[in-house]
Amino acid sequence: MLVRDVMHYPVITVEVGVSLREASDLMWEQGIRHLPVLENGRLVGILTDRDLRMATSELSPAPRSPQARVEEVMTTPVLTADPLDPVEEAAKVMRDRKVGCLPVVEGRELVGIITGIDLLDALVAMTGARLPSGRIEVRLPDQPGQLAKLAQFFADRGVNIHSLLTYPDVNCCVRNVLRVGSLETRRLADELRQAGFEVLWPPEKLWLK
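Residues numbered from 1 in each chain as written. Predicted model: local features only at pLDDT ≥ 70, side-chain atom pairs only at ≥ 80, totals over all residues. Heavy atoms only, no water.

1. Focus on helix H7 (residues 185-194)
Alright, step 1. Taken together, the buried positions of H7 are Thr185, Leu188, Ala189 and Leu192. In an axial view of H7, the angular spread of the buried residues amounts to 100 degrees, which keeps them on one side of the axis.
Alright, step 2. Tucked inside the fold, the buried residues of H7 contact strand E6 (134-141), helix H6 (146-156), strand E8 (173-180) and strand E9 (198-201).
Alright, step 3. At the exit of H7 stands glycine 196, carrying a positive phi of roughly 100 degrees. (Buried < 20%, exposed > 50% of the residue type's maximum accessible area, 1.4 Å probe, protein only. Helix = DSSP H or I, 4+ residues; strand = E, 2+ residues; numbered from the N terminus. Arc of directions from axis to C-beta. Contact = heavy atoms within 4.5 Å.)

Here it is in structure tokens:
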């Protein structure tokens, strides 16, 4: 999944000369928290609701008037993304740099914006959580052919794999989180264990004596 698949467009923006009051009113009206700032059509900064609160707070070392210009408190230079960037790369940049959005630029043109909520939507879509499905998590040795064996297990039972996410685990293993086209996940988990797979979810049923 690419940035262009989840970004918002067209983008609501302000010019550098707009007042903080006008920018705040625009954010409230549009229900947004980030405003790219343009100068003669070129992206020069980003303004967030947090920037506005900090700039105008009486607790600020140098409170700004609501009539101050946006360019006085905006963040510049701006971190951006390309429409063809993978969403996970955008997520890594936002996490590493602790920012809540990335304006999306193609060439010198602002073509979209991606936020933390957009990344959560992407995660839901990539995991297939919106589809009628069951969740199964299996730990596999980090060796060639192991994932193929797991896929073959489901193919032999006519169960479709809607999505598959993997990530490294301890002791040279890989965790595999699957969304499968069946709600009978406990039965499938039991059969996986009988076939020698280590199933992490759903857990084995504990029978009380």
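2. A word on the pattern of salt bridges
Alright, step 1. Scanning all chains against the criterion turns up 14 salt bridges.
Alright, step 2. The partner of lysine 92 in a salt bridge is aspartate 96, and the shortest N-O contact between them spans 2.8 Å. With lysine 92 and aspartate 96 both in helix H4 (residues 87-97) and four residues apart, the pair spans about one turn of that helix.
Alright, step 3. The partly exposed category is assigned to aspartate 96, whose relative accessible area is 46%.
Alright, step 4. Among the ionic pairs, arginine 187 bridges to glutamate 191, the shortest N-O distance being 3.0 Å. Of the two residues, arginine 187 and glutamate 191 are both situated in helix H7; the distance of four residues between them amounts to about one turn of the helix.
Alright, step 5. When its relative accessible area of 36% is taken as the criterion, arginine 187 is described as partly exposed.
Alright, step 6. On the accessibility criterion, glutamate 191 (22% relative accessible area) is partly exposed. (Salt bridge = Lys/Arg side-chain N within 4 Å of Asp/Glu carboxyl O.)

3. Focus: the sheet that holds E9
Alright, step 1. The strand order across the open sheet built from four strands is E7-E8-E6-E9, with neighbouring strands paired in antiparallel fashion. Looking at the sheet topology across the chains shown, the edges are occupied by strand E7 (161-169) and E9. Taken over all neighbouring pairs, the strand axes of this sheet differ in orientation by 25 degrees on average, direction set aside.
Alright, step 2. In terms of strand pairing, E6 meets E9 through three bridges, oriented antiparallel. From the neighbouring strand, valine 138 faces E9, where its bridge partner is valine 199.
Alright, step 3. Of the strands in this sheet, E6, E7 and E8 are in contact with H6, which crosses E6 at around 145 degrees. (Pairing = 2+ DSSP bridges. Axes fitted to C-alpha atoms, helices over the stretch in contact; angles between N-to-C directions.)

4. Points about the nonpolar core
Alright, step 1. Val14, Leu20, Ala23, Leu35, Val37, Leu47 and Val70 are the most contacted members of the largest nonpolar core, which totals 17 residues.
Alright, step 2. No other element matches the four residues that helix H2 (residues 20-30) contributes to this core.
Alright, step 3. Those residues in contact with alanine 23, other than ones at most four positions away along the chain, are Val18, Leu35, Leu47, Leu52 and Val70.
Alright, step 4. With 14 residues, the next largest nonpolar core counts Val159, Leu178, Leu192 and Val199 among its residues. (Core = buried A, V, L, I, M, F, W, Y, C linked by side-chain atoms within 4.5 Å.)

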